[in-house]
Protein chains: 2
Amino acid sequence: MRLGILGSISWRTPPRHYGAWETVVHNLTEGLVARGHDVTLFATQDSVTAAKLHAVCPRPYSEDPDLDPNVMVPLHISEAMEMAGEFDLLHNHLDFMPLTYSGLIETPVLTTIHGFSSEKIKAIYYKYASNPYVSISDSDRDPRLNYVATVHNGIDLSEFTFRANPAGDYLLYLGRFHPEKGVHLAVQVARQVGLPLVISGIHQDLEYWQNEVEPFVDGQQVRFVGPSDREERDALMGNALACLHLVTRPERFGLTIVESLACGTPVIAMDLGSPREILGHGISGFLVSSVEEAVEAVRSVHTLDRGDCRRCVEERFTVDHMVEGYLRVYERLLVGG
Amino acid sequence: MRLGILGSISWRTPPRHYGAWETVVHNLTEGLVARGHDVTLFATQDSVTAAKLHAVCPRPYSEDPDLDPNVMVPLHISEAMEMAGEFDLLHNHLDFMPLTYSGLIETPVLTTIHGFSSEKIKAIYYKYASNPYVSISDSDRDPRLNYVATVHNGIDLSEFTFRANPAGDYLLYLGRFHPEKGVHLAVQVARQVGLPLVISGIHQDLEYWQNEVEPFVDGQQVRFVGPSDREERDALMGNALACLHLVTRPERFGLTIVESLACGTPVIAMDLGSPREILGHGISGFLVSSVEEAVEAVRSVHTLDRGDCRRCVEERFTVDHMVEGYLRVYERLLVGG
């Protein structure tokens, strides 16, 4: 199949530190190439891929304030749209803006919705409601759109070391720092249960961080270690007693949940949105509905088998599972089209 | 001719108070309809036009913070692009983003560049350098682009009352408040020459206003009267001794210069960019290069004939001149295409 994959240019593909969309696009692209497909990846110029890379943005705009996303994003999209005739299918991982070009080209445009960042963007989704969409969890769906499948995100297991016996005695929060990710709730749980909390990730809402999290960072009970690259993340996750994923709004997928499980580390997640599609409650972690329940869950985490956590990922959330899921969608669309 | 006019949705067309792009689009659209052309105007839903109005944005996004321009602008553009097959020509007045769709449609897209808001946006202009462009002054051109003409902006003379004898004894600044518009220089000139300055317009850089202008607003020497609607602007301009247009970066056109002249009011303009294409130095105003020269010019303004100011507009800057200029461009493009 001749496939165009339209990725984000916010971060490199694969990302250096943080970037869930770029991670998924990387895993999918490399998996498709490995299966012999003719893939063109639209991403930043510094991206690393076995596919043909087509780039107009030299670096991630989130890493270079001289790059204006209001200019670079439409320029980037225009390249994929103008080359669309070379592809059997264009797979959009770049949210709503590419949809506004999709009515002008013949090539079918499949869009994976990596999450609705606001209600306002739905005005564009609704105009293009009959376009084909993939959801990344059954829970993150808008009933007015034409979903053709749910394809869960998959990870590259070789990047995550299974550790049967974690070296650390800490809890972990890893991700971006935003109120909807519940970093402040992770702090509360760690303090109540009397275990250290390690925090790693990137800033997204500095006021939130300064008011709700930073006052508790003391280097002992609550330790902030900055962003993590691949190796650091593997070690941080694998040596934790549990990862805390106490979101305050419905989670769309939760890539770090799967990454943690791959290391053998159970996850304690707020039962909002997708976590119940991923976690086996009482097997690979616990679904909770309050800080109090999360504290209880931490106290029970030693009852879980870390091997079961890893197996859960091996059986359902690998790159192979994801790539095969998307190939089934592509084939169905191309036969139908 | 079947024409699509793609306007801005920042303000209503025509604007209620401020909006040079929307004013020009309004004047052009109504002039084309009056000549019997089949015109579709893409603008806000509350716009007022004799053309067919096609709108997806209910109100100007600059008047309603609930409307996200990052969503509304691409949605708005997509409508014009998807309907382009109905037009002989699509005339873009919406800057760089529509260019990124122009390679996907058959209909020629003519773009009037109402000013380069930053160097960064030129990355998109350069990709589409061979598209046809119109400049609004000979001075506001980038040598790498394919200009087919300069068409000066034109105004509706019936909106501006000629006053041979102004009732006021004040100087006027009318426009947006931004350092590049030199409102602070107008204050200096008025203070040095000992005449009142009336300031009317909209805020664009509040810090600049608060630091550089507001401290001098005393209700006597310097009077701030807020934004002006059409009638207020006509009275403010027509009763002024002179308008001050002391820009600090090259002016692209300077619609308020022409509006002031139409009222018979001379303009004292910094000799940067387009003013020398509009003003007759020593006839309809003065071109200056410093605050000191502007002060001298104010002292000489009584030597100018206000009738000459009006005549300058009648002879070169009416809606008819602009519409005929654009029709010549349209005809040339369609014959050539």
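Residues numbered from 1 in each chain as written. Chains lettered and ligands numbered in written order. Predicted model: local features only at pLDDT ≥ 70, side-chain atom pairs only at ≥ 80, totals over all residues. Heavy atoms only, no water.

K.L.:
Help me understand the overall build of chain A, please; the structure alone is not making it clear to me.
P.N.:
Scanning chain A for helices and strands turns up twelve helices and 13 strands. Taken over C-alpha atoms, the radius of gyration comes to 20 Å for chain A, in line with the 20 Å a tight globule of 337 residues would show. Each of the three principal axes of chain A carries a C-alpha extent, and together these read 60 × 40 × 35 Å. Per-residue burial for chain A yields a buried fraction of 60% across its 337 residues. Here the analysis covers contacts within chain A between residues at least 6 apart in sequence; of these, 63% occur between residues at least 24 apart. Carbon and sulfur atoms make up 48% of the accessible area of chain A, which totals about 12900 Å². Here chain A carries 28 positive and 45 negative side-chain charges, and the mean point of each set is 3 Å from the other. (Helix = DSSP H or I, 4+ residues; strand = E, 2+ residues; numbered from the N terminus. Rg over C-alpha atoms; globule rule 2.2 N^0.38 Å. Buried < 20%, exposed > 50% of the residue type's maximum accessible area, 1.4 Å probe, protein only. Contact = heavy atoms within 4.5 Å. Areas by Shrake-Rupley, 256 points an atom, 1.4 Å probe, with all protein chains shown as cover. Lys, Arg positive; Asp, Glu negative; His and termini not counted. Charge placed at Lys NZ, Arg CZ, Asp CG, Glu CD.)

K.L.:
So what exactly am I meant to see when it comes to the sheet that holds strand β10 (residues 222-224) of chain A here?
P.N.:
Picture the strands of a sheet paired through backbone hydrogen bonds; they go either parallel or antiparallel. All names here are of chain A. Reading across from one edge, β10-β9-β8-β11-β12-β13 is the order of the six strands in this open sheet, with parallel pairing throughout. Among the strands making up the open sheet, the edge pair consists of β10 and β13 (285-288). Across the sheet, the axes of successive neighbouring strands diverge by a mean angle of 20°, strand direction being ignored. Taken together, the three bridges between strand β9 (residues 197-203) and β10 define a ladder with parallel strand orientation. Its bridge partner being in β10, Ile199 is matched across the sheet by Phe224. Strand contacts of helix α7 (residues 230-238): β8 (171-177) and β9, with the helix running at about 140° to β8, the strand carrying the most contacts. (Pairing = 2+ DSSP bridges. Axes fitted to C-alpha atoms, helices over the stretch in contact; angles between N-to-C directions.)

K.L.:
Would you explain the sheet that holds strand β7 (residues 147-150) of chain B in this entry?
P.N.:
Residue and element names in this part refer to chain B. Pairing within the open sheet is parallel, and its seven strands lie in the order β3-β2-β1-β4-β5-β6-β7. Each of the sheet's edge strands pairs with one partner strand only, and the pair in question is β3 (52-54) and β7. The average angle at which neighbouring strand axes cross in this sheet is 25°, direction not considered. Alignment of strand β1 (residues 2-6) against strand β4 (residues 89-92), held across four bridges, turns out to be parallel. Paired with Gly4 across the two strands is Leu90, which belongs to β4.

K.L.:
What am I meant to see in the interface of chain A and chain B here?
P.N.:
Often, the extent of an interface is quoted as the loss of accessible area upon association of its parts. Counting residues at the interface gives 24 residues for chain A, matched by 24 residues for chain B. For the pairing of chain A and chain B, the buried interface totals around 2000 Å² over both sides, and the portion due to carbon and sulfur atoms is 67%. Run the count over chain A and chain B and you get four salt bridges. One salt bridge connects Glu79 of chain A with Lys127 of chain B, and the closest N-O pair in it is separated by 2.6 Å. For the interface between chain A and chain B, the tally reads 14 residue pairs in polar contact (both at pLDDT 80 or more). Elements with a contribution of two residues or more to the side of chain A that touches chain B: α2 (69-82), α3 (99-102) and α4 (122-127) of chain A. Partitioning the side of chain A that touches chain B into residue classes produces 14 nonpolar, four polar and six charged. (Buried area = accessible area lost by both parts, 1.4 Å probe. Salt bridge = Lys/Arg side-chain N within 4 Å of Asp/Glu carboxyl O. Polar contact = N/O pair within 3.5 Å; in protein donor to acceptor, adjacent residues only side chain to side chain. Nonpolar A, V, L, I, M, F, W, Y, C, P; charged D, E, K, R; others polar.)

K.L.:
What should I look at first to understand helix α6 (residues 206-213) of chain B in this one?
P.N.:
Quick reminder: α-helices carry 3.6 residues per turn. Residues three or four places apart thus point the same way. Residues and elements named next belong to chain B. When we look at burial in α6, the residues that qualify are Tyr208, Trp209 and Val213. Viewed end-on, α6 has its buried residues packed into an arc of 100°, placing them on one side of the element. Where α6 is buried, its residues meet β8 (171-177), α5 (183-193), β9 (197-203) and β10 (222-224). (Arc of directions from axis to C-beta.)

K.L.:
Explanation requested: the nonpolar core in the structure shown.
P.N.:
Across soluble globular proteins, you tend to see nonpolar side chains buried next to one another. In this structure, Tyr125 of chain A together with Tyr125 of chain B are the most contacted members of the largest nonpolar core, which totals 68 residues. For this core, the secondary-structure elements that each account for two or more residues are α2, α3, β5 (109-113) and α4 of chain A together with α2 (69-82), α3 (99-102), β5 (109-113) and α4 (122-127) of chain B. Those residues in contact with Tyr125 of chain B that lie beyond four places of it in its chain are Asp95, Phe96, Leu99, Ile113, Phe116, Tyr133 and Leu145 of chain B. (Core = buried A, V, L, I, M, F, W, Y, C linked by side-chain atoms within 4.5 Å.)

K.L.:
I tried to follow the packing of helix α8 (residues 255-262) of chain B against helix α11 (residues 306-316) of chain B on my own but got confused; where do I start?
P.N.:
What describes two packed helices is the angle between their axes and the distance between those same axes. All names here are of chain B. As a packed pair, α8 and α11 sit with axes 7 Å apart at the nearest point and diverge in direction by 125°. Here α11 runs oblique to α8, going by the angle between their axes. Seen from α8, the contacting residues are Val258, Leu261 and Ala262; seen from α11, they are Cys309, Arg310, Cys312 and Val313. Classifying every residue of the contact of α8 with α11 by side-chain character gives six nonpolar, no polar and one charged. (Parallel < 35°, antiparallel > 145°, perpendicular 65-115°, else oblique.)

K.L.:
Just to check I follow, could you spell out the relation of the copies chain A and chain B for this structure?
P.N.:
Note that the two copies of the chain are related through a rotation about an axis and a translation along the same axis. The operation relating chain A to chain B is a screw motion whose rotation component is 180°, with 0.1 Å of axial translation and a residual RMSD of 0.1 Å. Both copies of the chain, as the preceding transformation shows, are related through a two-fold rotation axis. Among all residues of chain A, the one whose C-alpha sits closest to the rotation axis is Leu104 of chain A, at a distance of 3.0 Å. The overlap is high: 100% of the interface residues of chain A also sit at the interface in chain B, so the same surface is used on both sides. (Least-squares fit on C-alpha atoms with pLDDT ≥ 70 in both.)

K.L.:
I'm lost on the pattern of salt bridges in this one. Help?
P.N.:
Close approach of charged atoms lets side chains of opposite charge pair. Within the structure shown, the criterion is met by 46 salt bridges over all chains. Across the salt bridge formed by Arg299 of chain A and Glu296 of chain A, the nearest N and O atoms sit 3.2 Å from each other. In this pair, Arg299 of chain A and Glu296 of chain A are both assigned in helix α10 (residues 291-300), three residues apart and thus about one turn of the helix distant. A salt bridge links Lys52 of chain B to Asp38 of chain B; the shortest N-O distance between them is 2.8 Å. Of this pair, Lys52 of chain B sits in strand β3 while Asp38 of chain B sits in strand β2 (residues 38-42); the two residues are 14 residues apart in sequence, bridging distant segments of the chain. Here the residues in one salt-bridge network are Glu159, Arg230, Arg233 and Glu259 of chain A, joined through shared partners.

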